[in-house]
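Commentary on secondary and tertiary structure
The residues making up each chain are set out below.
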Amino acid sequence: MTIANNKIVTIHYKLVDAQSGDLIESSKDRPAMAYLHGANNLIPGLEKALEGKKVGDEFEVTIAPEDAYGEHSENGVHKVPLEELKDLEKIEVGMVLTAQTENGPANLQVTEVSETEVTVDANHPLAGKTLIFSVSVEAVRDASAEELEHGHAHGPEGHHH
Ligand SMILES: [Zn+2]
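Quick summary incoming for the structure in this document. Being a predicted model, the structure only gives us computed values, none of them experimental.

Cut-offs applied
- Residues numbered from 1 in each chain as written.
- Predicted model: local features only at pLDDT ≥ 70, side-chain atom pairs only at ≥ 80, totals over all residues.
- Heavy atoms only, no water.
- Phe/Tyr/Trp six-rings, centres within 6.5 Å; stacked < 30°, edge-to-face > 60°.
- Helix = DSSP H or I, 4+ residues; strand = E, 2+ residues; numbered from the N terminus.
- Buried < 20%, exposed > 50% of the residue type's maximum accessible area, 1.4 Å probe, protein only.
- Lys NZ or Arg CZ within 6 Å of the ring centre and 35° of its normal.
- Contact = heavy atoms within 4.5 Å.
- Pairing = 2+ DSSP bridges.
- Axes fitted to C-alpha atoms, helices over the stretch in contact; angles between N-to-C directions.

**Focus: the packing of aromatic side chains**
The full count for this structure, using the stated rule, is 1 aromatic pair. Ring geometry for Tyr13 and Phe133: centres 6.1 Å apart, planes at 50 degrees, overall tilted. Of this pair, Tyr13 sits in strand β1 (residues 7-17) while Phe133 is found in strand β9 (residues 131-142), placing the two residues 120 residues apart along the sequence. Phe133 matches Tyr13 in its accessibility class, with the two residues each being buried. When the ring centre of Phe59 is taken as reference, the NZ or CZ atom of Lys53 above it lies at 4.6 Å.

The following block contains the structure:
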């Protein structure tokens, strides 16, 4: 069975930052990831690379930011007076703060801390990065009617999230 729309596909993957060569994420030590193909469950570049592959296939794909998590936007970068964050016990680079916005909660990553202000970034942490995925296809099956209706994969016990 080859990967096409409306198939539930299970993959193992390793994700590396193309520029630094750093390992960002690996599914090696956890259960393989199942997703519904053609439902935008994955970043576009990875879903496109998986199209037509079959069980046992292993491949590597380099994905530009526009087909991954988008370009980094300066509009997402804000400077906040340290005074406004004085309720926080500590604040340091790399921390993720949750802010309430008109569009619901937003994750802001702290990218810089000075004596007077804190720079936070609302971009996805992987925005602007070219990514290299090493993928192995573990399983491919037809999606159930319920999975198609929900637009995502269910686990063996009808797992839900
Ligand atoms: Zn569901």
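Okay, back to it.
**Considerations on unusual backbone geometry**
What you tend to see is this: most non-glycine residues have negative phi, and most peptide bonds are trans. A positive phi angle, near 70 degrees, is found at Asn6, a position not held by glycine. Within the fold, Asn6 resides in the segment before β1. A positive phi is found at Asn40, a non-glycine position, where the angle reads about 55 degrees. A relative accessible area of 65% places Asn40 in the exposed class.

**A few points about the environment of Val113**
With respect to the element layout, Val113 can be found in strand β7 (residues 104-113). What makes Val113 partly exposed here is its relative accessible area of 34%. Sequence separation between Val113 and Pro81 is 32 residues, and the spatial gap between their C-alpha atoms is 10.0 Å. Contact partners of Val113, with chain neighbours within four places excluded, come to Ile91, Glu92, Val93 and Val118.

**Focus on the sheet that holds strand β6 (residues 96-101)**
Reading across the sheet, the 4 strands line up as β5-β8-β7-β6 and stay open at both edges, with antiparallel pairing between neighbours. Each having just a single partner strand, β5 (77-81) and β6 make up the two edges of the open sheet. Taking each pair of neighbouring strands and ignoring which way they run, the sheet shows an average axis angle of 40 degrees. Note: β7 against strand β8 (residues 117-121), 4 bridges, orientation antiparallel. By the bridge assignment, Val113 is partnered in β8 with Val118.

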